[in-house]
Amino acid sequence: KCAHLRLVCQAEQKPYYTSKLWWCGITLLGLGELGNFTAYGFAPITLVAPLGCVSVIGSAFISVFFLKKTMRTADILAGTLTITGINLLVTFAPNVPQELTARQVQNYLVSWPFLVYSILEIIIFCILLYFYKRKAVKHIVVLLMMVAVLASLTVIAVKAVSSMIAVSVKGKMQLTYSVFYIIIVLMATSCAFQIKFLNQAMHLYEATAVVPINYVFFTTSAIISGVIFYREFQGAALLNVFMFLFGCLLSFLGVIIITRNKKEEHLQIRFIDCGCIPGQKLAGKIQPDSHSSCYGTLNKEDDLVKRQS
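Residues numbered from 1 in each chain as written. Predicted model: local features only at pLDDT ≥ 70, side-chain atom pairs only at ≥ 80, totals over all residues. Heavy atoms only, no water.

Visitor: Sorry if this is basic, but what is going on with the environment of A102 here?
Guide: Structurally, the position occupied by A102 is in helix 6 (residues 102-109). According to the relative accessible area criterion, A102 is buried, its value standing at 0%. For the pair A102 and V167, spaced 65 residues apart in sequence, the C-alpha separation works out to 9.6 Å. Once you skip the residues sitting within four places of it in the chain, A102 turns out to touch M164, Q174, Y177 and V179. (Helix = DSSP H or I, 4+ residues; strand = E, 2+ residues; numbered from the N terminus. Buried < 20%, exposed > 50% of the residue type's maximum accessible area, 1.4 Å probe, protein only. Contact = heavy atoms within 4.5 Å.)

Set out below in structure tokens:
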């Protein structure tokens, strides 16, 4: 974001991929996602998915230094709620073995709870897709619910792939099993369609609306898939479950508060600087008015000055 804003302010417009700052940001983003992928191999889905709120809160606070945004009282409140929620999530997360072999993944795939869950997800997704395609319903809830349904499959596949790679690195080779490559295909396919619907939601609606709703939907679907597929809360105490869900609720509130009532910052330049136009000596600025008959032209006074000169 900072790289895009700097490029817009330059007199000579250059492509964003020529900026070293932009490449630095993309590299850091890639390293962060690599760490996120690795975390699924060593921690439960029900813990890793809700901790995604750290990126939302972190972005809001970092933007104060890099984008010169104003820190609001609501941001401090949201940060406090989120940190409290994170502490509860880490403290009361399910304590289950995280080393998954290919045979365990195969057994989970054919278990009846997952088969019932898969059938319900397919039905829900087909209903949503019907309204999306045939009825042309592009409501934000419809789009992000489809993203959430696909995301549940994505996190299941990501955890399976990450865990099997981790077990293979420790000496027990799991990459020779066919289920490993089936899961990779499932992961890539669900990711591709997830990006498609999320991108359309970002195109039609403001990010301040998409980010919190997507976070809530994604986290909820990830927790449900972790509970059903990997049985992560099996045998957990009722108090632990309640406190974990309370931590999720605090994280949800933190993300919603920090994105509420924030205006979108557009990068388009609304004024045409005459000083940047070759052969134009005027240093004034024009505000185009699309509803006017003289759209994009100088007003009469400026025309008179130009003729006299």
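Visitor: Can you walk me through unusual backbone geometry in this structure?
Guide: Phi is mostly negative for residues that are not glycine, and the peptide bonds are mostly trans. In this structure, A136 takes a positive phi of about 55° despite not being glycine. Looking at the element boundaries, A136 is found in the loop between helix 7 (112-133) and helix 8 (140-169). A positive phi angle is found at R231, which is not glycine, with a value near 50°. For R231, the location among the structural elements is in the loop between helix 10 (207-229) and helix 11 (238-259).

Visitor: Looking at this structure, I do not really get the environment of E99. What am I missing?
Guide: Among the structural elements, E99 can be located in the loop between helix 5 (73-92) and helix 6. Separated by 58 residues in the primary sequence, E99 and G41 have C-alpha atoms spaced 7.4 Å apart. Excluding its chain neighbours within four sequence positions, the residues that come into contact with E99 are Q104, V167 and K170.

Visitor: Explain the nonpolar core here, please?
Guide: Nonpolar side chains tend toward joint burial in soluble globular proteins. If you look at the biggest cluster of nonpolar residues, it comprises 48 residues, and the most contacted ones within it are Y40, V105, M164, I183, Y230 and F244. Among the nonpolar cores identified, the runner-up in size contains 14 residues, and Y132, V142, V149 and A201 belong to it. (Core = buried A, V, L, I, M, F, W, Y, C linked by side-chain atoms within 4.5 Å.)

Visitor: What am I meant to see in helix 6 here?
Guide: Within helix 6, burial applies to A102, V105 and Y108. Burial along helix 6 is one-sided: seen end-on, the buried residues are contained in an arc of 120°. Opposite the buried face of helix 6, at more than 90 degrees from it, the exposed residues are R103 and N107. Those residues of helix 6 that are buried lie in contact with helix 7, helix 8, helix 9 (178-204) and helix 10. (Arc of directions from axis to C-beta.)

Visitor: What's the story with the packing of helix 8 against helix 9 in this structure? I'm lost.
Guide: A pair of packed helices is characterised by two quantities: the angle between their axes and the separation of those axes. Following both chains from N to C, one finds helix 8 and helix 9 inclined at 150°, their axes separated by 8 Å at the closest point. Seen along the crossing, helix 8 lies across helix 9 with a hand that is left-handed. The residue inventory of the contact of helix 8 with helix 9, partitioned by class, reads 25 nonpolar, four polar and no charged. (Axes fitted to C-alpha atoms, helices over the stretch in contact; angles between N-to-C directions. Left-handed = near helix turned anticlockwise from the far one by under 90°. Nonpolar A, V, L, I, M, F, W, Y, C, P; charged D, E, K, R; others polar.)

Visitor: It is not clear to me how the environment of K196 should be interpreted in this structure. Could you clarify?
Guide: Checked against the element boundaries, K196 lands in helix 9. On the accessibility criterion, K196 (41% relative accessible area) is partly exposed.

Visitor: Hey, could you run me through the packing of aromatic side chains in this one?
Guide: For any pair of aromatic rings, geometry is given as the distance between the ring centres together with the angle between the planes. In this structure the tally under the stated criterion is eleven aromatic pairs. Taken together, a centroid distance of 5.7 Å and an interplanar angle of 75° make the contact between Y130 and F131 edge-to-face. Looking at F131, the relative accessible area reads 37%, which means it is partly exposed. The structure contains a cluster of three or more aromatic residues connected by ring pairs, namely Y108, F114, F229 and Y230. One cation-aromatic arrangement involves K138 over Y132; the distance from NZ or CZ to the ring centre is 4.7 Å. The ring of F197 carries K196 above its face, with NZ or CZ at 5.9 Å from the centroid. (Phe/Tyr/Trp six-rings, centres within 6.5 Å; stacked < 30°, edge-to-face > 60°. Lys NZ or Arg CZ within 6 Å of the ring centre and 35° of its normal.)

Visitor: In this structure, what is going on with a nonpolar patch on the surface? I would like to understand it.
Guide: Together, W112, V116, I119, L120, I123, I124, I127, Y130, F131, V141 and M145 make up a nonpolar patch on the protein surface, roughly 1000 Å² of accessible area in all. Elements with a contribution of two residues or more to the nonpolar patch: helix 7 and helix 8. If you tally residues by element for the nonpolar patch, the top one is helix 7, at nine residues. Position of I124 among the secondary structure elements: in helix 7. Taking relative accessible area as the criterion, I124 reaches 39% and is therefore assigned partly exposed. (Patch = residues over 30% accessible without salt bridge, like charges linked within 9 Å, V, L, I, M, F, W, Y side chains within 5 Å. Areas by Shrake-Rupley, 256 points an atom, 1.4 Å probe, with all protein chains shown as cover. Salt bridge = Lys/Arg side-chain N within 4 Å of Asp/Glu carboxyl O.)

Visitor: Would you mind showing me how to read the pattern of salt bridges here?
Guide: Side chains carrying opposite charge are able to pair once their charged atoms draw close together. On inspection of all chains with the given rule, the structure shows one salt bridge. Of the charged contacts, one joins D75 and R72 as a salt bridge, the two residues approaching to 3.1 Å between their closest N and O atoms. By relative accessible area, which is 3% here, D75 ends up buried. A relative accessible area of 26% means that R72 is categorised as partly exposed.

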